[in-house]
Amino acid sequence: MLFNIHSLEWDKELCEFFEIPMKVLPNVRSSSEIYGLMKAGALEGVPISGCLGDQSAALVGQMCFQDGQAKNTYGTGCFLLCNTGRKCVFSEHGLLTTVAYKLGRDKPVYYALEGSVAIAGAVIRWLRDNLGIIKSSEEIEKLAKEVGTSYGCYFVPAFSGLYAPYWEPSARGIICGLTQFTNKCHIAFAALEAVCFQTREILDAMNRDCGIPLSHLQVDGGMTNNKILMQLQADILYIPVVKPSMPETTALGAAMAAGAAEGVGVWSLEPEDLSAVTMERFEPQINAEESEIRYSTWKKAVMKSVGWVTTQSSESGDPSIFCSLPLGFFIVSSMVMLIGARYISGQLLFKLDNFIS
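In this text, all values refer to a predicted model and were calculated from it rather than measured experimentally.

Counting its regular elements, the protein chain contains ten helices and 13 strands. Within the protein chain, the fraction of its 357 residues that count as buried is 40%. Across the protein chain, contacts joining residues at least 24 apart in sequence account for 68% of those joining residues at least 6 apart. A total of about 20,000 Å² of accessible surface is found on the protein chain, and carbon and sulfur atoms cover 59% of it.

The structure is reproduced here in structure tokens:
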């Protein structure tokens, strides 16, 4: 919250606002230069020369060096980054603008748009640990393969609200479209579809912000071993999904930045020197109309998940209209009603006695 992504320096105004003296902050360096040498151990004397955040490292590891290239990392959540080149693009559709990398002290800075999904791999863990319909994460692919469809069942895993592009904390998870024929296989399939639909929403937002639709999506992360998931992703995006044979793209990106540093020079990042990476490619296998129908139904399910949490007390299940009133006001108003009731009953008894006498 203190860094200015335009000047690439600590922001003086922000530091003054948060009362943080700028002299205590470290020097800002590029992602690829020698910062120092190892002091001891087996790597003594080896330069430390690469520094990238995990999502930026995956972007470099996927060799997304051109404007409009994007990668999606499937882990506990999903993190989709699109390289916007030297242009700092500000999103109008719920995405975040960030520095992608600066691969050298005298090299230009490259920016990216980032969208994040809170629940991706975590939904598989939820099915295993909370519902108990699978014993291991790998089983979900087998269950989904048995039916090959969700049978109209949609799963919105908004366990802690919705992230990009909605940023809607009032949402909660729902499973809808259930019939008497729905079973655990359909729910497993719907859970995988949910990951893909959420990725589609972020990709659509990126396409609108950048103005250039992606021709393909590069993917990495543990969940990409699930071939059903990857095929579903290609079907729902209706563009090819490309998975590198090297799964650890985050580590690869950090190694590339370190090896390309001035004074190290064991890795060239020039386009003509980058070797082609073996890829597994998943092409869409459904028609565009079916893809759009499924996506529009998903959007309908998302809208039903929004607005479940309105106040803290309503989530606890208290239906009383007084749960939204301050305690003091409730007590005072109750006493006023009690006194008023006693006064009215007293007046009625007085009049009744006079009438009888």
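On the surface, a cluster of nonpolar side chains totalling about 480 Å² of accessible area is made up of M1, L14, F17 and F18. Within the element layout of this structure, F17 appears in helix α1 (residues 12-17).

With that out of the way, let us pick up the side chain of S305. By the secondary structure assignment, S305 is in helix α8 (residues 288-305). Judged by relative accessible area, which is 0%, S305 ranks as buried. Reaching out from S305, the side chain makes a polar contact with the backbone oxygen of V302 at a distance of 2.7 Å. Here S305 is in contact with V156, L162, S170, A171, R172 and I174, once residues within four sequence places are set aside.

It is worth spelling out the nonpolar core at this point. Y74 and L217 are the most contacted members of the largest nonpolar core, which totals 61 residues. The element that contributes the greatest number of residues to this core is helix α5 (residues 184-210), accounting for 15 residues. In this structure, C64, L81, A112 and M256 belong to the second largest nonpolar core, which totals 17 residues.

Working definition: an aromatic ring pair is given by the centre-to-centre distance plus the angle between the planes. This model, assessed by the stated rule, comprises twelve aromatic pairs. Of note, R200 hangs over the ring of Y295, and the distance from its end group to the ring centre comes to 3.9 Å.

Next up on the list: the sheet that holds strand β6 (residues 78-85). Where strands meet in a sheet, backbone hydrogen bonds hold them as pairs that are either parallel or antiparallel. The seven strands are arranged β7-β8-β6-β5-β11-β12-β13 in an open sheet whose pairing can be described as mixed. Across the chains shown, the open sheet's two edge strands, defined by having one partner strand only, are β7 (96-101) and β13 (279-282). In this sheet, neighbouring strand axes are inclined to one another by 30° on average, regardless of whether the strands run parallel or antiparallel. Here strand β12 (residues 241-244) runs beside β13; their pairing, made up of four bridges, is antiparallel. Within the sheet, the bridge partner assigned to P244 lies in β13 and is M279. Strands β5 (70-74), β11 (217-220), β12 and β13 of the sheet are contacted by helix α6 (residues 227-237), whose axis makes an angle of about 55° with β13.

Next up on the list: helix α4 (residues 139-147). When we look at burial in α4, the residues that qualify are I140, L143 and A144. The buried residues of α4 occupy an angular sector of 95° when projected down its axis, which confines them to one face. Residues K142, K145 and E146 are exposed on α4 and point more than 90 degrees away from its buried face. After α4 finishes, the residue G148 shows a positive phi value of roughly 70°.

Turning to the packing of α5 against α8, a few remarks are in order. At a closest axis distance of 10 Å, the pairing of α5 and α8 adopts a crossing angle of 95°. When the interaxial angle is binned, α5 and α8 end up roughly perpendicular. Between α5, through F189, E193, A194, F197, Q198, R200, E201 and D204, and α8, the contact on the second element is made entirely by S291, E292, R294, Y295, W298, K299 and V302.

Attention now moves to the pattern of salt bridges. The full count for this structure, using the stated rule, is ten salt bridges. When the shortest N-O distance is used, the salt bridge between E33 and R105 registers 3.0 Å. With E33 in strand β3 (residues 32-37) and R105 in the loop between β7 and β8 (110-117), this residue pair connects regions lying 72 residues apart in the sequence. The network of salt bridges with shared partners includes R29, E33 and R105.

Let us look at the packing of α4 against α5. Between α4 and α5, whose axes approach to 8 Å, the crossing angle comes to 110°. In terms of axis orientation, α4 runs roughly perpendicular to α5. Each of I140, L143, A144, E146 and V147 in α4 lies in contact with α5, whose residues at this interface are K184, C185, H186, A188, F189, A191 and L192. Residue classes in the contact of α4 with α5 are distributed as nine nonpolar, one polar and two charged.

Attention now goes to unusual backbone geometry. Look at the link from A164 to P165: it is a cis peptide, with omega at 0°. Residue position: P165 is located in the loop between β9 (154-156) and β10 (174-176). Backbone geometry at L8 places phi at a positive 60°, although glycine is not the residue there. By secondary structure assignment, the location of L8 is in the loop between β1 (3-4) and β2 (9-10). One non-glycine residue with positive phi stands out, namely W167, at about 50°. Among the residues examined, W167 registers a relative accessible area of 41% and is labelled partly exposed.

With that settled, the discussion passes to the side chain of T199. Within the secondary structure, T199 is located in helix α5. If we skip the residues at most four places from it in the chain, T199 touches N72, Y74, C78, L80, L217, Q233 and L237.

Okay, the pairing of β11 next. Residues L217 and V219 point to one face of β11 and Q218 and D220 to the other, with burial holding for every one of them. Two elements, β5 and β11, share three bridges in a ladder whose sense is parallel. Counterpart to K71 in the pairing with β11 is Q218. Sheet topology note: the β11/β12 ladder contains two bridges and is parallel.

Scoring rules and cut-offs
Residues numbered from 1 in each chain as written. Predicted model: local features only at pLDDT ≥ 70, side-chain atom pairs only at ≥ 80, totals over all residues. Heavy atoms only, no water. Helix = DSSP H or I, 4+ residues; strand = E, 2+ residues; numbered from the N terminus. Buried < 20%, exposed > 50% of the residue type's maximum accessible area, 1.4 Å probe, protein only. Contact = heavy atoms within 4.5 Å. Areas by Shrake-Rupley, 256 points an atom, 1.4 Å probe, with all protein chains shown as cover. Patch = residues over 30% accessible without salt bridge, like charges linked within 9 Å, V, L, I, M, F, W, Y side chains within 5 Å. Salt bridge = Lys/Arg side-chain N within 4 Å of Asp/Glu carboxyl O. Polar contact = N/O pair within 3.5 Å; in protein donor to acceptor, adjacent residues only side chain to side chain. Core = buried A, V, L, I, M, F, W, Y, C linked by side-chain atoms within 4.5 Å. Phe/Tyr/Trp six-rings, centres within 6.5 Å; stacked < 30°, edge-to-face > 60°. Lys NZ or Arg CZ within 6 Å of the ring centre and 35° of its normal. Pairing = 2+ DSSP bridges. Axes fitted to C-alpha atoms, helices over the stretch in contact; angles between N-to-C directions. Arc of directions from axis to C-beta. Parallel < 35°, antiparallel > 145°, perpendicular 65-115°, else oblique. Nonpolar A, V, L, I, M, F, W, Y, C, P; charged D, E, K, R; others polar.

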